[in-house]
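Examining the three-dimensional arrangement
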There are 4 protein chains.
Amino acid sequence: MIIVLRPEASEEVAKEILARIESLGLRPLCMPGTERVVLGALGDERVLAQLRLENHPMVEQVKPILSPYKLASRDAHPHDSVVQMGSLAIGGEAFAVIAGPCAVESYEQMKATAVRVKEAGAGGLRGGAFKPRTSPYAFQGLGLRGLEILEQVASEVGLPAATEVVESQDVGPVAARVACLQIGARNMQNFALLKAAGQSKRPVLLKRGMAAKLEDLLLAAEYILAEGNDQVILCERGIRTFETATRNTLDLNAVPFLKQRSHLPVLVDPSHGTGVRDLVIPMAKAAAACGADGVIVEVHENPREALSDGAQSLFPKDLDRLMRELRPLVAALGRTLS
Amino acid sequence: MIIVLRPEASEEVAKEILARIESLGLRPLCMPGTERVVLGALGDERVLAQLRLENHPMVEQVKPILSPYKLASRDAHPHDSVVQMGSLAIGGEAFAVIAGPCAVESYEQMKATAVRVKEAGAGGLRGGAFKPRTSPYAFQGLGLRGLEILEQVASEVGLPAATEVVESQDVGPVAARVACLQIGARNMQNFALLKAAGQSKRPVLLKRGMAAKLEDLLLAAEYILAEGNDQVILCERGIRTFETATRNTLDLNAVPFLKQRSHLPVLVDPSHGTGVRDLVIPMAKAAAACGADGVIVEVHENPREALSDGAQSLFPKDLDRLMRELRPLVAALGRTLS
Amino acid sequence: MIIVLRPEASEEVAKEILARIESLGLRPLCMPGTERVVLGALGDERVLAQLRLENHPMVEQVKPILSPYKLASRDAHPHDSVVQMGSLAIGGEAFAVIAGPCAVESYEQMKATAVRVKEAGAGGLRGGAFKPRTSPYAFQGLGLRGLEILEQVASEVGLPAATEVVESQDVGPVAARVACLQIGARNMQNFALLKAAGQSKRPVLLKRGMAAKLEDLLLAAEYILAEGNDQVILCERGIRTFETATRNTLDLNAVPFLKQRSHLPVLVDPSHGTGVRDLVIPMAKAAAACGADGVIVEVHENPREALSDGAQSLFPKDLDRLMRELRPLVAALGRTLS
Amino acid sequence: MIIVLRPEASEEVAKEILARIESLGLRPLCMPGTERVVLGALGDERVLAQLRLENHPMVEQVKPILSPYKLASRDAHPHDSVVQMGSLAIGGEAFAVIAGPCAVESYEQMKATAVRVKEAGAGGLRGGAFKPRTSPYAFQGLGLRGLEILEQVASEVGLPAATEVVESQDVGPVAARVACLQIGARNMQNFALLKAAGQSKRPVLLKRGMAAKLEDLLLAAEYILAEGNDQVILCERGIRTFETATRNTLDLNAVPFLKQRSHLPVLVDPSHGTGVRDLVIPMAKAAAACGADGVIVEVHENPREALSDGAQSLFPKDLDRLMRELRPLVAALGRTLS
């Protein structure tokens, strides 16, 4: 940790701070410059954080040096983690495709879509029972009934399913019925939910928040890991920027960055990341090319009638095309298509 | 609602869509142009949303005309709402100041700070018992014990208190102990929490999310209002932008915009909105000048030792100065200082 | 164009506006609703813009329907344009790679790097003579001397070269010496420069500004096209967002979006788009996968000593690896590597 | 400057870098930690920049400590600068109001508006002759003829005028005719233009770019100052964010931040900063309250007919109201209204 003092800070202030650093058993350093005094402190940044030096009126800025997450970091865990979502391995040699409707609307809709997902060759199923919606007047999902439909359909077609959980009290019931818990962008910093998911034994697909820096995402993963659940899958799904041509800006830089810093597998959601059906296939291919471990896409038996996110849902024939185009691409990248 | 068809859309598609609009009892309009056909539909936008025309493969874009919120809108409720947080009226002629530490750390710290808040002349007290923190290794608040301390101190100094609630199951206990529930930026779209707050009888101070458009904020308020709780206070607290000189970018444009579109009172949080102690007083004054109904600021008996957000906390003497400088300013604006 | 009136607008206002629309020879439409009157106007949006209805105090908002660019649009020009930068075709079946140092530093540096670019198999050379730098104290480029070096080296190694032009008065000298003019992100809305480039006969590589929407980029291209130069290459190079882990956020959504809306070829600059050497190769591959017509990357014979942007410059061996990894990838995409 | 090495960096690398730091006459520091080695270098950051340590493959990150601007900094110049724009002092005790149309459209329009500006009591006049416009089909200004009109009208009404300059070759003619050169947001990093303005003897009103950090703005000012022109006025005019309710997000945090870091006067442009007529007055007042030295606002004799930016232009009666409301406000702030 580097501590830059204000120009007007006295020598006493510098001594006081150096003494506080030493009192924690850390190594203090003093670098007096012509314009400002700069102090250093070496050791565990989390111990250093206890000093709360940023609060000091004579401190201009504090610059941490080491990343504040530890369990999510590749430093502590050099090899890639593989998370097993039922029969689907995420993070290994295979490139995973998880597909399904935004929301579970009925048994018939879910079954018809799931059959097409299975036929297309995707390895996992998605479908929302609890839908967080910007407007209170929009369709909010079927809730528990939707969860039951998803469980039944997943079992009938033989695909592991992922579904979103929006409240800590729902973690138990959801974990009992599906192979993977999903935490959505709006809840990425719902820390009570992260802790509850961390206490579950299910894999957790953690989506990046719309305004979350990659460090924030890794710290959110750290909440889950710190509770003892090491089955975390990171997911880039687009951030909010000034661009209005697309619903979000899919930040694919995140993929190689996260793979470099963390051992956790990384998925990409090109459906939310673009919000536009025609852009989903190209961006799914881009995700594969920059090193993602898979994609999660929205597909609906009949997008025209979808109760939510129809504008970004693929038609079943589009999913077939996505799989057909991904196959040679992932082969060229030295991977297989799960 | 305006519906722009793709250039390749046939006349049949236009007719089909017009028929669907009519089937909902709404008035359809057809505007054939040289490059594209544009359709219109007049009536309640929420009914129109059921058509989900954005899902249609021949629809290029859908442009809503009316705002999707209704109860929060000034259209439906032309006069300013005043929300009563205990003895403190928010939204009337008086300019409200709510102050206190980021977090309740102990009875001694809370009491000492609250006494200074009362002496400075502020009308409300703040203090966090449940703290949402980016890192799992940071101080997470005292929880229920913090809530009890806040209740006791508020009663002893005679100030109504606001505190953050982060889970729907905590709404009841918190509402029983403080005058105002606060929903933080990270939970602005935690819809389960919004609904629970809407079912409570307490005023709700709703903070804008870091990536929330003003329309999203009004829709979040609509969730609370739709549950029957009309005591909602909106709060601008800074959004996330590319600027790194300040912790957030305080969007004061939001104040006159929200006052124009909505009848709900609007507060500003210059502490989180800047993240820098030296900027809090100027921005609190700016908030008053552009029409905010008050400010909520962080003050700590000893910011150097604050367990969270010390860098943006005022010293008690700074709060005195803020009140001293606000007084002539709000008088010049034709208001009083609560 | 859709014109939404304020709730308080009278019938006279509506009539007045409809008459103005008609006076321009356009077709007016009136859609009276329960809460607001909505007007429509059909015809050339550029003629409609003359009405300046957004200025009217009784107009709440104006929503254009058609895109304001025309020459850049695929509507007017359905087939892909191919721009010939000397021997290198950009926009056809081949995927183009343009490489070279950020800045021309000396004949020796430029020659050594160009030889390696040629050996690696790239089809074009880049190198800056006029460098726009954020700080006045940073290296500003060799100017005219740099231009002469670039011309000589390009001729010696047999590669067409692109270089940035920063002032309209330099367009002539630069066009006389290199195969392609480059307009940088900071000058994307330097309209005098765009016009000067439009009057030149050289291809123009136009980079997206850091805060430019895709529509702004297409309008900037329109400036060049409107002057009679139809050899425009669009280039995505990252936008400025809240994320600080990378220098910019490379917006690859832009690639399929631009290819869909415009006939112009689209390149991607993963060097500026990430600012991090280790991310350049994965993002170049992602660019290919989502449909870009090529990439422009920074490579330096010795990045450690580069006078600018060394942190994002590839080593020559990295460029070899990029070409080696791109080859099977673009083959799987049905393209060849130029 | 702090240099963080990669975990895999050897001791030799650290020694090599320390020797390079020493070779420049600077003081090197070595801080070996458990996970990474951190190096320090003390002295002029601009000399340190020559080391280009960020290019080194074994360097993970470089953190500068001192600001890279010097002439613009308050460190070097503790007292507030006052810039004299003809008869109008900007930066002293008085709060300056500069008003006028977006564009000079004709002698009649300019004169009528200027008379109203003078009557309202504003101290300066604005009006654009060279208009940078996003679309090539929009009104581009009257050019030299507009400049002549502005000069004549300014002289007739007795107000100093500011006008935008968009090309370095126009700096001379513009400086000969008006009291203040304006550099617009789109040209804030047009470095050729900044240098030309720096060589002029006229005050320069420098607007912040839409994607410019405050440090970028101060470095742009540094370009002008470094050429020997110390009459620079900074201007906050809104940045581009995800919010679409307003044209830009006016970042008033910038005002106290810039006043603290720099001695240069700071104006605010609430017309571009909001893009909405109804928000201009409240935000002008907010600018005064947080310490701005004045505002520059758009006013048009007849905004309905304005050829550009009419939606954000005040009516003359609105300007009267602005002055009337500012007067008691700036008095309460201890200033006068110029």
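Residue positions are given per chain, counted from 1 along the sequence in the order it is written. Just so you know, chain letters begin at A and ligand numbers begin at 1, following the order they were written in. Two thresholds apply to this predicted model, a pLDDT of at least 70 for residue-level local features and 80 or more for giving and counting side-chain atom pairs, whereas whole-chain, interface and lining totals are computed over all residues. Only hydrogens and water are set aside when side-chain values are computed; all heavy atoms of the structure are taken into account.

As a further point, take the relation of the copies chain C and chain D. Our superposition of the copies is a least-squares fit, built on the C-alpha atoms of residues whose pLDDT is at least 70 in both. Mapping chain C onto chain D leaves a residual RMSD of 0.0 Å; the transformation is a rotation of 180 degrees accompanied by 0.0 Å of translation along its axis. The symmetry that links the two subunits is that of a two-fold axis. By C-alpha distance to the rotation axis, the residue of chain C lying nearest is Ala211 of chain C, at 2.7 Å. Looking at chain C, 100% of its interface residues are interface residues in chain D too, so the copies touch through the same face. It only takes one pair of heavy atoms within 4.5 Å for two residues to be counted as in contact.

What follows concerns the pattern of salt bridges. Salt bridges are defined as contacts in which a side-chain nitrogen from Lys or Arg sits within 4 Å of a carboxyl oxygen from Asp or Glu. The tally for this structure, following the rule as stated, stands at 83 salt bridges over all chains. Where Arg240 of chain C meets Asp216 of chain D, a salt bridge forms, and the shortest distance between an N and an O atom there is 2.7 Å. Placement of Arg240 of chain C in the loop between strand 12 (232-236) and helix 8 (254-261) and of Asp216 of chain D in helix 7 (residues 214-226) is noted, with the two residues assigned to different chains. Arg240 of chain C gets classed as buried once you look at its relative accessible area, which sits at 17%. A salt bridge links Arg6 of chain D to Asp278 of chain C; the shortest N-O distance between them is 3.0 Å. Remark: Asp278 of chain C occurs in helix 10 (residues 277-289) and Arg6 of chain D occurs in the loop between strand 1 (2-5) and helix 1 (11-23); the pair is interchain, linking two chains. Think of it in three bands: residues with accessible area under 20% of the maximum for their type are buried, residues over 50% are exposed, and the middle band is partly exposed, with areas taken using a 1.4 Å probe on protein chains only. Its relative accessible area of 32% is what places Asp278 of chain C among the partly exposed residues. To qualify as a helix, a DSSP run of H or I must reach at least 4 residues; to qualify as a strand, a run of E must reach at least 2; elements of each kind are numbered from the N terminus.

Residue and element names in this part refer to chain B. The span one expects for a helix is its residue count, reduced by one, times 1.5 Å. Look at helix 3 (residues 107-120): 20 Å from first C-alpha to last across 14 residues, which is about the 20 Å you get at 1.5 Å a residue. When helix 3 is considered as a whole, its buried residues turn out to be Gln109, Met110, Thr113, Ala114, Val117 and Ala120. One side of helix 3 carries all its buried residues, which in axial view fall inside an arc of 120 degrees. Away from its buried face, by an angle of more than 90 degrees, helix 3 presents the exposed residues Glu108 and Glu119. By definition, the arc is the one covered by directions from the helix axis to the C-beta atoms.

What follows deals with empty space enclosed by the protein. Buried and open spaces are told apart on a 1 Å grid over the protein atoms alone, a cavity being a set of points where a 1.4 Å probe fits but cannot get out and a pocket being an open set with protein on both sides within 12 Å along at least five of seven lines. Residues with an atom within 4 Å of a point are the lining residues. Grid points are joined across faces, edges and corners, and a volume is the space filled by probe spheres set on the points. Taken as a whole, this structure holds six cavities of 30 Å³ or more when the rule is applied. Approximately 290 Å³ is the volume attributed to the largest cavity. Ala185 and Arg186 of chain C together with Ala185, Arg186 and Met210 of chain D are, among the 20 residues lining the largest cavity, the residues nearest its centre. Note on residue categories: nonpolar means Ala, Val, Leu, Ile, Met, Phe, Trp, Tyr, Cys or Pro, charged means Asp, Glu, Lys or Arg, and polar means any other residue, Gly included. Taken together, the residues of the lining of the largest cavity sort by class into 10 nonpolar, four polar and six charged. Thr241 of chain A, Arg240 and Thr241 of chain C together with Arg240 and Thr241 of chain D are the residues nearest the centre of the second largest cavity, which is lined by 16 residues in total. Of the residues assigned to the lining of the second largest cavity, the class counts are eight nonpolar, four polar and four charged.

Many descriptions give the size of an interface as the accessible area lost when the pieces come together. Taken together, the contact between chain B and chain C spans 23 residues of the former and 23 residues of the latter. The term buried area means the drop in 1.4 Å probe accessible area that two parts suffer when joined, counted for both and summed. Taken together, both faces of the contact between chain B and chain C bury some 2,100 Å²; the carbon and sulfur share is 63%. At the junction of chain B with chain C, the criterion picks out zero salt bridges. Put simply, the parts of the chain that give the side of chain B that touches chain C at least two residues each are strand 1 (2-5), strand 2 (27-32), strand 3 (37-42) and strand 4 (59-63) of chain B. Ranked by the residues each element gives to the side of chain B that touches chain C, the list is headed by strand 2 of chain B, at five residues. Among the residues making up the side of chain B that touches chain C, the classes are represented as 13 nonpolar, three polar and seven charged.

Turning our eyes to something else, we now look at the sheet that holds strand 2 (residues 27-32) of chain C. Residues and elements named next belong to chain C. Whether two strands pair depends on DSSP finding at least two bridges between them. Sheet architecture is open: four strands sit in the order 2-3-1-4, paired in antiparallel fashion. The open sheet has two free edges, formed respectively by strand 2 and strand 4 (59-63), since each of these has just one partner strand. The average undirected angle you get between the axes of adjacent strands in this sheet is 20 degrees. The pairing of strand 1 (residues 2-5) with strand 4 spans four bridges and is antiparallel. For Ile3, the partnering residue across the bridge sits in strand 4 and is Val62. Fitting a line to C-alpha atoms yields each axis, with helices limited to the stretch in contact; the angle taken between N-to-C directions then spans 0 to 180 degrees.

Further remarks concern the confidence of the model for chain A. With 99% of its residues at a pLDDT of at least 70, chain A reaches an overall mean of 92. Scored by ipTM, the complex comes to 0.93, with pTM at 0.94. Residue-level confidence of the predictor is summarised by pLDDT, bounded by 0 at the bottom and 100 at the top.

What follows deals with the relation of the copies chain B and chain C. Rotating chain B by 180 degrees and moving it 0.0 Å along the rotation axis overlays it on chain C with an RMSD of 0.0 Å. Most of the interface of chain B is mirrored in chain C, where 100% of its interface residues again form contacts.

The subject of this paragraph is the sheet that holds strand 1 (residues 2-5) of chain A. Residues and elements named next belong to chain A. Strand order across the open sheet formed by four strands is 2-3-1-4, with antiparallel pairing between neighbours. Edge positions in the sheet fall to strand 2 (27-32) and strand 4 (59-63), since each of these pairs with one other strand and no more. Going across the sheet, the axis of each strand differs from the next one's by a mean of 20 degrees, ignoring polarity. The pairing of strand 1 with strand 3 (residues 37-42) spans three bridges and is classified as antiparallel. The partner of Ile2 across the bridge, within strand 3, is Gly40. Contacting strand 1, strand 2, strand 3 and strand 4, helix 1 (residues 11-23) crosses the sheet at an angle of about 160 degrees to strand 2.

Another aspect to go through is the packing of aromatic side chains. Residues and elements named next belong to chain A. Pairing of aromatic rings covers Phe, Tyr and the six-membered ring of Trp, with a centre-to-centre limit of 6.5 Å; geometry is then stacked below 30 degrees between planes, edge-to-face above 60, and tilted otherwise. For the structure shown, the criterion picks out four aromatic pairs over all chains. Seen in terms of ring centroids, Phe191 and Tyr223 are 4.6 Å apart; in terms of plane orientation they differ by 25 degrees. Their pairing is stacked. Here the residue Phe191 occupies a position in helix 6 (residues 191-199), and Tyr223 occupies one in helix 7 (residues 214-226), the gap between them amounting to 32 residues. You'll find Phe191 and Tyr223 in the same group, each marked buried. Two conditions define a charge sitting above a ring: the NZ of Lys or the CZ of Arg must be within 6 Å of the ring centre, and it must be within 35 degrees of the ring normal. Here Lys317 stacks its cationic end above the ring of Phe315, 4.8 Å away from the centre of that ring.

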